[in-house]
Amino acid sequence: MTFSARQTHLAIPCLVLFGCASSADPGTEEAVATSEAAVVSSNRLSMNRLSMNGLSMNGLSADGRELATTDLLLDEDGRELLRYTIGCALPEGRSLVGTVGSTTYRFDGRIGLAPDWLRGPLPEKSQRWVTACLLAHVNGYGVEVAISLRGGHAALATDSAERRTYQQEEVSFFGNVFQPLGARDELGDIGSRMYACGGALLQMSCADDESAFAPERTCASKADCSLRFLGPCRDLTAPKTSVCKDVSFDGYRRCQAPTSTTSGKSKTSRYDEVVTVFLQRPDFSAFYPLCTPLFP
């Protein structure tokens, strides 16, 4: 799987590419997150890997070069989760290596949502940014698709070219997969903390068929999906009860989720770390065949 984050000097700056890692002979360095193309992004992460709850790493690295000790290095599922996590957290040009036996794996940064993780424990705010990025790459379709990631973080800045190419607002994501289940985080949540909502444009496009609105991309199997779909992000039929507020070209800056508490009382937590996915029209049409894209 591969990340390729682009900055503003490229035509499509904020995209990420996930491709296939090349195999490596024993004793060599395997580049598990090396860019294979210029400016594409696809989502290949499996939800069950996020549900492993294995991301409670206090520090990502002690020296900025070697990955901190983690059992995620021991199998391909864990390494895939590390690929996405480090790609979301670190900026392009930074990488970490981890060794298992005689094979060294390299994990490249691409987006840069939490570069300070190299210097100490990851604050919960940064945990939520990385979580939103990881959730945005969950793939329930079984096929790769180019996506534009947008949000209120400097690392997710877009330009007019990207906004013209990727016009179909799809799904927004927020949560925190770093905090253990049952433990109260700083927002007061003790649950699974994986949330998604459908974009207003998606709601409008699928207005004639409500069953087509809930995006299947977020999970391969709805029965065992840990991600909670909250409906439309900005409900056009009931704006006052919308999940998200502060709408911009980059999606939403603030979303709310009904959270689990130790007392069992109903509570709503506010998330300011939201990543919104935009698609190109052909991909939107392929994944939502009963809906009509709003832009030609």
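Residues numbered from 1 in each chain as written. Predicted model: local features only at pLDDT ≥ 70, side-chain atom pairs only at ≥ 80, totals over all residues. Heavy atoms only, no water.

Colleague: Quick question: what am I supposed to make of the overall build of the protein here?
Modeller: Within the protein one finds six helices and eleven strands. By residue count, 55% of the 296 residues in the protein fall in the buried class. Restricting the contact set of the protein to residue pairs at least 6 apart, pairs at least 24 apart contribute 68%. Here the protein has roughly 12,500 Å² of accessible surface; of this, 50% comes from carbon and sulfur atoms. (Helix = DSSP H or I, 4+ residues; strand = E, 2+ residues; numbered from the N terminus. Buried < 20%, exposed > 50% of the residue type's maximum accessible area, 1.4 Å probe, protein only. Contact = heavy atoms within 4.5 Å. Areas by Shrake-Rupley, 256 points an atom, 1.4 Å probe, with all protein chains shown as cover.)

Colleague: What am I meant to see in the pattern of salt bridges here?
Modeller: Opposite charge on two side chains allows them to pair when their charged atoms are near. The final tally for this structure, using the stated rule, is twelve salt bridges. Among the ionic pairs, Asp116 bridges to Arg119, the shortest N-O distance being 2.2 Å. Residue classification places Arg119 among the exposed residues on the basis of a relative accessible area of 65%. Within the structure, one salt-bridge network assembled from shared partners comprises Lys125, Arg128, Glu186 and Glu273. (Salt bridge = Lys/Arg side-chain N within 4 Å of Asp/Glu carboxyl O.)

Colleague: Just to check I follow, could you spell out unusual backbone geometry for this structure?
Modeller: Trans is the common state for peptide bonds, and a negative phi is the common state for residues other than glycine. Phi angles above zero are rare outside glycine, and Arg193 is one such case at about 60 degrees. With respect to the element layout, Arg193 can be found in the loop between β5 (168-175) and β6 (194-198). For Asp246, which is not glycine, the phi torsion reads 55 degrees and is therefore positive. Within the element layout of this structure, Asp246 appears in strand β8 (residues 244-248).

Colleague: Would you explain the pairing of β8 in this entry?
Modeller: Bridge count between β8 and strand β9 (residues 251-259): four bridges; the pairing is antiparallel. For Cys244, the partnering residue across the bridge sits in β9 and is Cys255. Two successive antiparallel strands, β8 and β9, enclose a turn made up of two residues. (Pairing = 2+ DSSP bridges.)

Colleague: Whenever I open this one, the nonpolar core confuses me. Can you help?
Modeller: If you look at soluble globular proteins, the nonpolar side chains tend to sit buried side by side. The biggest cluster of nonpolar side chains holds 53 residues, and the ones touching the most others in it are Leu60, Leu67, Leu134, Leu149, Phe173, Leu279 and Tyr288. Sorting the residues of this core by element identifies α2 (76-89), β3 (103-108), α3 (124-136), β5, β6, β11 (275-279) and α6 (281-287) as the ones contributing at least two each. It is α3 that contributes the most residues to this core, seven residues altogether. Look past the residues within four positions of Leu60 in its chain and what remains in contact with it is Glu66, Leu67, Ala68, Ile86, Leu90, Leu96, Trp117 and Leu118. (Core = buried A, V, L, I, M, F, W, Y, C linked by side-chain atoms within 4.5 Å.)

Colleague: I would appreciate a short explanation of the sheet that holds β8 in the present structure.
Modeller: Strands belonging to one sheet form pairs held by backbone hydrogen bonds; the direction of such a pair is parallel or antiparallel. What the three strands build is an open sheet, ordered β8-β9-β10; its pairing is antiparallel. Bordering the open sheet on either side are β8 and β10 (267-271), each of which pairs with just one other strand. Each adjacent strand pair in this sheet contributes to an overall mean axis angle of 15 degrees, direction not counted. Bridge count for β9 against β10 is five bridges, and the pairing is antiparallel. Across the sheet, the residue bridging to Cys255 is Tyr271, located in β10. (Axes fitted to C-alpha atoms, helices over the stretch in contact; angles between N-to-C directions.)

Colleague: How should the state of the cysteines be read in this particular structure?
Modeller: As used in these notes, a disulfide is a covalent bond between sulfur atoms, one from each of two cysteines. This model, assessed by the stated rule, comprises three disulfides. Disulfide pairing is shown between Cys88 and Cys133; the S-S distance is 2.0 Å. Between Cys88 and Cys133 the sulfur-sulfur dihedral comes to about -75 degrees; the bridge is accordingly left-handed. Taken together, the positions of Cys88 in helix α2 and Cys133 in helix α3 put the pair 45 residues apart, joining distant regions of the chain. (Disulfide = S-S within 2.5 Å.)

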